[in-house]
Amino acid sequence: QVQLVESGGGLVQAGGSLRLSCAASGSIFSSNTMGWYRQAPGKERELVALITSGGITNYAASAKGRFTISRDNAKNTVYLQMNSLKPEDTAVYYCRMVVTPWSDYWGQGTQVTVSS
């Protein structure tokens, strides 16, 4: 059983930065794609960024140029560096481990609030 624990959320002013972390338990972290997703009130959960086991990254259009996903396999941790934050980035941010297309794990989420 894998557990994912997010941290690093909080309240920040527009234009500010935050770094989210997601620590994974177990021994399968390094071999799986990791992702960050977010869900704003009244909206569907959406992909923010993905990073494969080989370090290939993919970003939502809203995140490109402002957010950076990275991973440290020695620490079983994936990060999301968020710069130039906007009020519309306000959401609960979730970490996901993709084991197969039909098997994944999710963290409990961390709140990010960007004030204008």
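Our subject is the structure that appears above.
Residues numbered from 1 in each chain as written. Predicted model: local features only at pLDDT ≥ 70, side-chain atom pairs only at ≥ 80, totals over all residues. Heavy atoms only, no water.

Colleague: Which parts of the structure should I look at to understand the state of the cysteines?
Modeller: Simply put, disulfide is the name for a covalent bond between the sulfur atoms of two cysteines. For the coordinates displayed, the defined rule picks out one disulfide. Across the disulfide, Cys-22 is cross-linked to Cys-95 (sulfur-sulfur distance 2.1 Å). Between Cys-22 and Cys-95, the S-S torsion sits near -80°, and that sign places the bridge as left-handed. Here Cys-22 is found in strand S3 (residues 18–24), whereas its partner Cys-95 is found in strand S9 (residues 91–100), with 73 residues between them in sequence. The same class applies to Cys-22 as to Cys-95, namely buried. (Disulfide = S-S within 2.5 Å. Helix = DSSP H or I, 4+ residues; strand = E, 2+ residues; numbered from the N terminus. Buried < 20%, exposed > 50% of the residue type's maximum accessible area, 1.4 Å probe, protein only.)

Colleague: What is the right way to look at the side chain of Ser-21 in this model?
Modeller: Mapping Ser-21 onto the fold places it in strand S3. You can call Ser-21 buried: its relative accessible area is 16%. Aside from chain neighbours lying at most four places away, what touches Ser-21 is Val-5, Glu-6, Ser-7, Trp-36, Thr-77, Val-78 and Tyr-79. (Contact = heavy atoms within 4.5 Å.)

Colleague: It is not clear to me how the pairing of S3 should be interpreted in this structure. Could you clarify?
Modeller: Moving residue by residue along a regular strand, the side chains alternate between the two faces of the sheet. Within S3, five of the seven residues are buried, which leaves the element mostly enclosed by the surrounding structure. Judged from the four bridges that link them, strand S1 (residues 4–7) and S3 form a sheet pairing that is antiparallel. Across the sheet, residue Glu-6 finds its bridge partner in S3, namely Cys-22. In this structure, S3 lies alongside strand S8 (residues 77–82), joined through six bridges in antiparallel fashion. Counterpart to Leu-20 in the pairing with S8 is Leu-80. (Pairing = 2+ DSSP bridges.)

Colleague: Can you walk me through the pattern of salt bridges in this structure?
Modeller: Scanning all chains against the criterion turns up four salt bridges. Between Arg-66 and Asp-89 there is a salt bridge whose closest N-O contact spans 2.7 Å. Linking Arg-66 in the loop between strand S6 (57–59) and strand S7 (67–72) with Asp-89 in the loop between S8 and S9, this pair joins segments that are 23 residues apart in sequence. In this pair, the class of Arg-66 matches that of Asp-89, namely buried. (Salt bridge = Lys/Arg side-chain N within 4 Å of Asp/Glu carboxyl O.)

Colleague: How should the sheet that holds S3 be read in this particular structure?
Modeller: In a beta sheet, neighbouring strands pair by backbone hydrogen bonds and run either parallel or antiparallel. Pairing is antiparallel in the open sheet, where four strands are placed in the order S1-S3-S8-S7. A single partner strand is all that each edge strand has here, and the edge strands are S1 and S7. Averaged over all neighbouring strand pairs, the angle between strand axes comes to 15°, with direction disregarded. (Axes fitted to C-alpha atoms, helices over the stretch in contact; angles between N-to-C directions.)

In short, shape yes, function no, at least from these values alone.
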